Amino acid sequence: MKPIVAIIGRPNVGKSTLFNRITRKKDALVDNFPGVTRDRHYSDAVWDGVEFTLVDTGGFSDDKEDYFSDVIRWQILEAITDADAVIIVLDGRQGVSPYDRDIIDLLRDISKPVLYGVNKTDSIELEDNLYEFYTLGIKPLYPISAEHGYGVPDFLDSLVKELPRFDTEEKTDIISLAVVGRPNVGKSSLINKIIGEKKLIVSDVPGTTRDAIDSICEYNDKTYLLIDTAGIRRKKKVSNKLEKISIIKSLRSLDRCDVALILIDSEVGVTDQDVKIAGYAYERGCGCIFLLNKWDLIEKDDKTHKKYYEHLRMEAKFLSFAPAMTISALTGLRVPRIFSLVDEVFEQYTTRVTTGKLNSMIERATLKTEPSLHKGKRIKFYYSSQISEKPPTFISFVNYPKAVHFSYKRYLINQIRDEAGLDKTPIRLMFKEKSGRIDFGSKKKNRNQGSKKYKKKK
Ligand code: GDP
Ligand code: GDP
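All of these numbers come straight from a predicted model, not from anything done at the bench.

The rules behind the values
Residues numbered from 1 in each chain as written. Chains lettered and ligands numbered in written order. Predicted model: local features only at pLDDT ≥ 70, side-chain atom pairs only at ≥ 80, totals over all residues. Heavy atoms only, no water. Helix = DSSP H or I, 4+ residues; strand = E, 2+ residues; numbered from the N terminus. Buried < 20%, exposed > 50% of the residue type's maximum accessible area, 1.4 Å probe, protein only. Contact = heavy atoms within 4.5 Å. Near = heavy atom within 4 Å. Polar contact = N/O pair within 3.5 Å; in protein donor to acceptor, adjacent residues only side chain to side chain. Salt bridge = Lys/Arg side-chain N within 4 Å of Asp/Glu carboxyl O. Areas by Shrake-Rupley, 256 points an atom, 1.4 Å probe, with all protein chains shown as cover. Phe/Tyr/Trp six-rings, centres within 6.5 Å; stacked < 30°, edge-to-face > 60°. Lys NZ or Arg CZ within 6 Å of the ring centre and 35° of its normal. Pairing = 2+ DSSP bridges. Axes fitted to C-alpha atoms, helices over the stretch in contact; angles between N-to-C directions. Parallel < 35°, antiparallel > 145°, perpendicular 65-115°, else oblique. Left-handed = near helix turned anticlockwise from the far one by under 90°. Nonpolar A, V, L, I, M, F, W, Y, C, P; charged D, E, K, R; others polar.

Mind laying out the overall build of the protein, listing which residues take part and the relevant values?
From N to C terminus, the protein includes 14 helices and 16 strands. Within the protein, the fraction of its 458 residues that count as buried is 52%. Pairs at least 24 residues apart make up 74% of the contacts formed inside the protein by residues separated by at least 6 positions.

So what about the site of ligand 2? Which residues, and what values?
By nearness alone, 16 residues border ligand 2, and Asn184, Lys187, Ser188, Ser189 and Asp296 come closest of all. Measuring from an oxygen atom of ligand 2, one finds a backbone N or O atom of Ala329 at 2.9 Å. Here the shell around ligand 2 gets three residues from one element, more than from any other, and that element is helix 6 (residues 187-196).

So what's going on with the pattern of salt bridges? Which residues, and what values?
Scanning all chains against the criterion turns up 20 salt bridges. For Asp84, the salt bridge identified is with Arg252, shortest N-O distance 2.8 Å. You can see Asp84 sitting in the loop between helix 2 (70-82) and strand 4 (85-91) and its partner Arg252 sitting in helix 8 (residues 247-256), a full 168 residues away along the chain. Neither residue differs from the other here; Asp84 and Arg252 are each classed as buried.

How would you explain unusual backbone geometry if you had to name every residue and give the values?
In this structure, Pro140 follows Lys139 across a cis peptide bond, with omega equal to -5°. If you trace the backbone, Pro140 turns up in the loop between helix 4 (130-134) and strand 6 (141-143). A cis amide bond links Lys390 to the next residue, Pro391, at an omega of 0°. Of note, the phi angle at Asn12 is positive, near 70°, even though the residue is not glycine. Assignment of secondary structure puts Asn12 in the loop between strand 1 (4-8) and helix 1 (15-23). Although it is not a glycine, Asn220 sits at a positive phi angle of roughly 50°.

How would you summarise the site of ligand 1 if you had to cite specific residues and measurements?
Close to ligand 1 lie 16 residues, the nearest being Asn12, Ser16, Thr17, Asp122 and Glu147. At 3.0 Å, a backbone N or O of Gly14 approaches an oxygen atom of ligand 1. At 2.8 Å, a side-chain N or O of Ser16 approaches an oxygen atom of ligand 1. Alone, ligand 1 offers 580 Å² of accessible surface; in the complex the protein occludes 75% of this. By residue number, the principal contributor to the shell around ligand 1 is helix 1, which donates three residues.

Can you lay out the packing of aromatic side chains for me, pointing to particular residues and giving the numbers?
Per the stated rule, a full pass over the model turns up twelve aromatic pairs. Between Tyr282 and Phe318 the ring centres are 5.5 Å apart and the planes differ by 50°, which places this aromatic pair in the tilted class. Of this pair, Tyr282 sits in helix 9 (residues 272-283) while Phe318 is found in the loop between helix 10 (304-315) and strand 13 (324-326), placing the two residues 36 residues apart along the sequence. Of the two residues, Tyr282 and Phe318, both sit in the buried class. Residues Trp295 and Tyr308 carry aromatic rings whose centres are separated by 5.0 Å and whose planes lie at 85° to one another, so their mutual orientation is edge-to-face. One end of the pair, Trp295, is in the loop between strand 12 (287-293) and helix 10; the other, Tyr308, is in helix 10, with 13 residues separating them in the sequence. For Trp295, a relative accessible area of 2% gives the class buried. Residue Tyr308 is classed as buried on the basis of its relative accessible area of 18%. Aromatic ring contacts, followed pair by pair, group Phe381, Tyr408, Tyr411 and Phe431 into a single cluster. The lysine or arginine in question, Lys434, covers the ring of Tyr382, its NZ or CZ lying 5.2 Å from the ring centre.

Go over the sheet that holds strand 15 (residues 393-398) with me, naming the residues and quoting the values.
Across the sheet, which stays open at both edges, the three strands sit in the order 14-15-16 with mixed pairing between neighbours. If you trace the sheet from one side to the other, it starts and ends with strand 14 (381-388) and strand 16 (428-433), each paired once. Here the strands of the sheet are splayed against their neighbours by 25° on average, with no regard to which way each runs. Summarising the sheet, strand 15 and strand 16 pair through six bridges and their orientation is parallel.

Kindly report on the packing of helix 12 (residues 355-368) against helix 13 (residues 406-420), identifying the contributing residues and their values.
Where helix 12 meets helix 13, the axes come as close as 10 Å, and the angle between the chain directions of the two elements is 130°. In terms of orientation, helix 12 lies oblique with respect to helix 13. Considering only the axes of helix 12 and helix 13, their crossing is right-handed. Every residue of helix 13 that contacts helix 12 at Leu358, Met361, Ile362, Arg364, Ala365, Thr366 and Lys368 is listed here: Tyr408, Tyr411, Leu412, Gln415, Ile416, Glu419 and Ala420. For the contact of helix 12 with helix 13, a count of residues per class yields nine nonpolar, two polar and three charged.

Structure follows, in structure tokens:
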């Protein structure tokens, strides 16, 4: 599990510029997720070998005018409660603003690492601007230029030094479940229902992060871990206007789970926020199940189910593999059934496909439908293998990896789904370059070595 670092600050201080600078470098081997509403406000990053997830909480504000509005205050509180470290960006060109004082006051007593970056310090000459910020009584202050990179390496060195290290979680047979969804969809009702079920044995276990409490429950002789149940059960007293999804909390529980239970309020229908949360789950590579909750409130006829499922599929196309079911957290309708569906998803999620099987699948698929030509040349698939599970992730060596069209990739994924019986799990497929010619590099070296030896002997 990666620590989460939140960037906060007033609008226009350079938060998104800094975010982009830190997260820009991407591993060449990243899967892209077409079809998902991309939220560019969080991303995984790595510095000096330390991985973390960076979240630009300000990026989630729709409210740019009133810049110290309640919304921003809420975001800061979210960062304080849920992040592992906080970056405060200040504007070195504009100098200290009264709002900076407010932000800093909110953060004064927190026990997490807080780093202050005085941004727009584009050169050493501008470091004089820093003195004004010392009047705020905060330190250390880092002069940085998000735009030009000045000071950023030192800043990141300090950041990663301060980040907490999480023990890699034990590998067990326990299936971890995250219950996610917008406020009021029924997350706490569901958790309470599950925990209140007599058939379930429940116990609390401290989670890996500060305030998290997980619950263990057993059902049909299997053990499940419900992630951060305290976080869900503990109702924050926030006004309706301010009820927002805690992005950090969602990311954190999605990072830790095997299967995400994505709750939707059937009465309201699928909203943009629901799709956004489903998108996070998809990007984090979780197994996903949609639970259309509050089904007891829906007037039904024999077409109702179908109508709701179709609506869901249309809104969240990228999660077409995620099974969906209707439930009522209030009455308990089909709540036990969730666990058998979880088992099914988990089994697929942890599947290993043997290399032999995989290669014959890909071979059959490419013979049946050939990829389109790339600049007049054939795209060749040489060799494929599964590099990891949770979710099943495959890599294919091809001559022109970038030329494989998205629709062809989807076709291959669907073939794997069909043939390996993986219809309910996310699957990742990546392409890597392998040149068609045989690489004589190492042989050449051997030959040289050989001739040396030969000379020596002589
Ligand atoms: P945000 O609202 O805090 O996310 O701010 P942005 O990242 O959108 O930046 C606001 C403005 O400040 C943009 O015009 C950026 O080009 C500019 N800016 C950001 N970082 C720097 C910097 O290091 N130096 C200078 N001179 N301008 C910067
Ligand atoms: P959370 O914010 O996602 O944790 O949502 P809650 O569990 O607090 O539920 C919000 C409201 O919806 C509460 O008033 C619940 O009683 C109600 N609710 C939750 N699930 C159901 C359901 O299945 N049926 C009905 N009728 N109401 C529900």
